[in-house]
Each structure stands twice: as structure tokens, then as C-alpha cells.
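Chains, contacts and geometry: an overview
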Amino acid sequence: MLTALARRLIPPASHPFHVRTVASASSRLVPPGVQRTRPSPRTTKAVIAITPHAIQRLRDLLQGPTPQNIRIGVRNKGCAGLSYHLEYVDKPGKFDEVVEQDGVRVFVDSRALFSIIGSEMDWKEDALSAKFVFNNPNIKDACGCGESFTVGTQP
């Protein structure tokens, strides 16, 4: 019995290397014949919420003659520091977050995630303008005209 154990532990001299299979710790904890349960995917909250008015406007953009998606980002601009930047794109960037709500997709620039996480995107129309508006709980300061903002950390 000792020789059989020694043969398994010590490779023969004719082989330049020895491969030994080791069972993972998780496979040793589950008794034989018992199926392991796989973790279910966790539902996560979307980076940004989209109001019904904004969803309708995004659908209108997608049903136009040149269907286009919107990518949301922030730029260093304005007197308070940051400004929202929206652009038309055909597909998401490599690291963009894709937010899908009610069949409409919006792409969020990965560099803008910390600035706009938890925000709500809305569509507002009045006599002088029509634009997407963001209700952002992370804003600590904004300029007088409302075009730029500053995001601060919690104290």
C-alpha cells in the first residue's frame, strides 16, 4: 500500500513533469449525488431611470428616417464644472453601460457613471424649448442658468 501511494506522489524519472488533478474546495463540500444550486442572476437597479415622456421621445427618434440611439455623457464645461453631453450613436462604446427600459435603449458613457448614477431622464417641452432634462440627486452645486453642475461626495 505504501508503494502505491509513493507511485502516485512521486513521478517516474522518465517523465519530465507530473500533472496532478486536485478537486476544488467547492466540489468537496457537496456530497455525491446532490446537485449544487447555481446562483441566480441578481437584479440590479438601472444606472438611470427614464420617464414615460422621455421613453416616448426616444421611440420617436428610433422610428424616424434615420433611427439613432442616444449616448449620455458628461463633459468638463460651464462655470460649475460638468455639463451633460448627448450624442447620437448607432451602437454602444466598448465600456458603455446599456440601460433598457420599456423596449428603449440608452447608452451611458462609462466615464460619466459616477456623475449620473441614480438620475432620472425626462423630456420637457415648453413654448421656447424642447430638451431632455436630468433630475440628478448627486448634484451638490449648479450654475445659475442650470447648464452645468458639480457632483460632490457625501460628508
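This one's a predicted model, so the numbers in the text were calculated from it and none came from an experiment. (Residues numbered from 1 in each chain as written. Predicted model: local features only at pLDDT ≥ 70, side-chain atom pairs only at ≥ 80, totals over all residues. Heavy atoms only, no water.)

1. Let's talk about the packing of aromatic side chains
Note the threshold: The criterion for an aromatic pair is that two Phe, Tyr or Trp rings (for Trp, the six-membered ring) have centres within 6.5 Å, with stacked assigned to planes under 30 degrees apart, edge-to-face to planes over 60 apart and tilted to the rest.
Under the counting rule described, the total for this entry stands at three aromatic pairs. Here Trp-123 and Phe-132 contribute two aromatic rings whose centre-to-centre distance is 4.8 Å and whose plane-to-plane angle is 65°, an arrangement assigned as edge-to-face. One aromatic cluster is present, formed by Tyr-84, Phe-134 and Phe-149 through successive ring pairs.

2. With respect to the confidence of the model for the protein chain
Defined as follows: A residue's pLDDT is the confidence the predictor assigns to it, expressed on a 0 to 100 scale. Numbering of helices and strands runs from the N terminus; a helix is a DSSP stretch of H or I covering at least four residues, while a strand is a stretch of E covering at least two. We call two residues contacting when some pair of their heavy atoms lies within 4.5 Å.
Considering every residue of the protein chain, the mean pLDDT works out to 78; 73% of them sit at 70 or more. When pLDDT is averaged over each element of the protein chain, strand β6 (residues 119–125) comes out on top at 93 and helix α1 (residues 2–9) at the bottom at 52. Across residues 15–23, confidence stays below pLDDT 50; counting only partners more than four residues off in sequence or on other chains, it has three contacts.

3. A look at the side chain of Ser-148
Stated formally: Each residue's exposure class comes from its accessible area (1.4 Å probe, protein chains only) as a fraction of the maximum for that residue type: buried when under 20%, exposed when over 50%, partly exposed otherwise. Identification of polar contacts relies on pairs of N or O atoms within 3.5 Å, with a donor-acceptor requirement for protein atoms, meaning one able to donate a hydrogen and the other able to accept it, and with residues adjacent in sequence counted only if both atoms are side-chain atoms.
Inspection of the secondary structure puts Ser-148 in the loop between β8 (139–142) and β9 (149–151). For Ser-148, a relative accessible area of 2% gives the class buried. A polar contact of 3.4 Å, which involves the side chain of Ser-148, links it to the backbone nitrogen of Cys-79. From its side chain, Ser-148 meets the backbone nitrogen of Ala-80 in a polar contact 3.0 Å long. Residues contacting Ser-148, with those up to four places away along its chain left out, are Lys-77, Gly-78, Cys-79, Ala-80, Gly-81, Leu-82, Ala-142 and Cys-143.

4. Thoughts on helix α3 (residues 52–62)
Under the convention used in this document: The arc in question is the one spanned by the directions pointing from the helix axis to the C-beta atoms.
Of the positions making up α3, those classed as buried are Ala-54, Ile-55, Leu-58 and Leu-61. Buried residues of α3 fall within an arc of 120° about the axis and therefore sit on the same side. Of the residues in α3, the exposed ones pointing more than 90 degrees away from the buried face are Pro-52 and His-53.

5. Some words on the sheet that holds β6
The line we're drawing: Strand pairing is assigned whenever DSSP detects at least two bridges linking the two strands. Angles here are taken between N-to-C directions and fall from 0 to 180 degrees, while the axes themselves are lines fitted to C-alpha atoms, restricted in helices to the stretch in contact.
Taken in spatial order, the three strands line up as β1-β6-β7 in an open sheet, and their pairing is mixed. Because the sheet does not close on itself, it has two edges, and the strands there are β1 (48–50) and β7 (130–135). Each adjacent strand pair in this sheet contributes to an overall mean axis angle of 30°, direction not counted. Sheet topology places β6 next to β7; six bridges connect them, and they run antiparallel. Of the residues in β7, the one forming a bridge with Lys-124 is Lys-131.

6. Considering the environment of Arg-59
Here Arg-59 lies in helix α3. Taking the C-alpha atoms as reference, Arg-59 lies 9.9 Å from Asp-102; in sequence the two are 43 residues apart. Here Arg-59 is in contact with Asp-102 and Val-104, once residues within four sequence places are set aside.

7. As for the nonpolar core
Our working rule: As used in this record, nonpolar core signifies buried Ala, Val, Leu, Ile, Met, Phe, Trp, Tyr and Cys residues forming a set joined through side-chain atoms within 4.5 Å.
Membership of the largest hydrophobic core comes to 23 residues, with the highest contact counts inside it found for Ile-48, Ile-50, Leu-58, Ile-72, Val-108, Met-121 and Phe-132. Sorting the residues of this core by element identifies β1, α3, β2 (69–76), β5 (104–108), α4 (113–116), β6 and β7 as the ones contributing at least two each. Per-element tally for this core: the top contributor is α3, with four residues. Discounting chain neighbours no more than four positions away, the residues touching Phe-132 are Ala-54, Arg-57, Leu-58, Ile-70, Leu-86, Met-121, Asp-122 and Trp-123.

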